[in-house]
Amino acid sequence: MRRGTRNFSPRSRKRGMKRVGHFILIIVCIAGFHELRPTRKNWAQYFGGGFLVLAYMALIIATTAPR
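Attention in this report is confined to the structure presented alongside it. (Residues numbered from 1 in each chain as written. Predicted model: local features only at pLDDT ≥ 70, side-chain atom pairs only at ≥ 80, totals over all residues. Heavy atoms only, no water.)

1. Some points on a positive patch on the surface
Then, number 1: A cluster of like positive charges, contributed by Arg-11, Lys-14, Arg-15, Lys-18 and Arg-19, occupies part of the molecular surface.
Then, number 2: Secondary-structure assignment places Arg-19 in helix H1 (residues 10-35).
Then, number 3: By relative accessible area, Arg-19 is classed as exposed at 54%. (Patch = residues over 30% accessible without salt bridge, like charges linked within 9 Å, V, L, I, M, F, W, Y side chains within 5 Å. Areas by Shrake-Rupley, 256 points an atom, 1.4 Å probe, with all protein chains shown as cover. Salt bridge = Lys/Arg side-chain N within 4 Å of Asp/Glu carboxyl O. Lys, Arg positive; Asp, Glu negative; His and termini not counted. Charge placed at Lys NZ, Arg CZ, Asp CG, Glu CD. Helix = DSSP H or I, 4+ residues; strand = E, 2+ residues; numbered from the N terminus. Buried < 20%, exposed > 50% of the residue type's maximum accessible area, 1.4 Å probe, protein only.)

Structure (structure tokens):
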């Protein structure tokens, strides 16, 4: 193997594709919401809901993680 080249396994390529897919999904959701011409209150509700989802996910992880 030449120096400086990388050999990515299929698992790491799949993981990278999932990450890119999630970022695309997030960008498209924000763009679609932006097309609705939301007010500041709507933006606050949008990001507030996102924060609550992340907090709930963290709570699930914290309570179900092996000790």
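Still more to cover.
2. As for the packing of H1 against helix H2 (residues 40-64)
Then, number 1: Axis separation between H1 and H2 bottoms out at 11 Å; the angle between their running directions is 155°. As the angle between them shows, H1 and H2 are arranged roughly antiparallel. Of the two elements, H1 crosses H2, and the hand of that crossing is right-handed. In this structure, H1 uses Cys-29, Ile-30, Phe-33 and His-34 to contact H2, whose residues at the interface are Asn-42, Trp-43 and Tyr-46.
Then, number 2: Its residues assigned to classes, the contact of H1 with H2 shows 5 nonpolar, 2 polar and no charged. (Axes fitted to C-alpha atoms, helices over the stretch in contact; angles between N-to-C directions. Parallel < 35°, antiparallel > 145°, perpendicular 65-115°, else oblique. Left-handed = near helix turned anticlockwise from the far one by under 90°. Contact = heavy atoms within 4.5 Å. Nonpolar A, V, L, I, M, F, W, Y, C, P; charged D, E, K, R; others polar.)

3. Structural notes on unusual backbone geometry
Then, number 1: Backbone geometry at Arg-37 places phi at a positive 55°, although glycine is not the residue there.
Then, number 2: Here Arg-37 lies in the loop between H1 and H2.

4. Let's talk about the packing of aromatic side chains
Then, number 1: Scanning all chains against the criterion turns up 5 aromatic pairs.
Then, number 2: Ring centres of Phe-33 and Trp-43 lie 4.9 Å apart, and the angle between their planes is 85°; on these two criteria the pair is classed as edge-to-face. Of this pair, Phe-33 sits in helix H1 while Trp-43 is found in helix H2, placing the two residues 10 residues apart along the sequence.
Then, number 3: Judged by relative accessible area, which is 16%, Phe-33 ranks as buried. (Phe/Tyr/Trp six-rings, centres within 6.5 Å; stacked < 30°, edge-to-face > 60°.)

5. Some words on H1
An α-helix turns once every 3.6 residues. As a result, residues three or four positions apart point the same way.
Then, number 1: Taking 1.5 Å as the rise per residue, H1 with 26 residues should run 38 Å; its terminal C-alpha atoms sit 37 Å apart, in good agreement.
Then, number 2: Where H1 terminates, the next one or two residues include Arg-37, which has phi positive at roughly 55°. (Expected span 1.5 Å × (residues − 1).)

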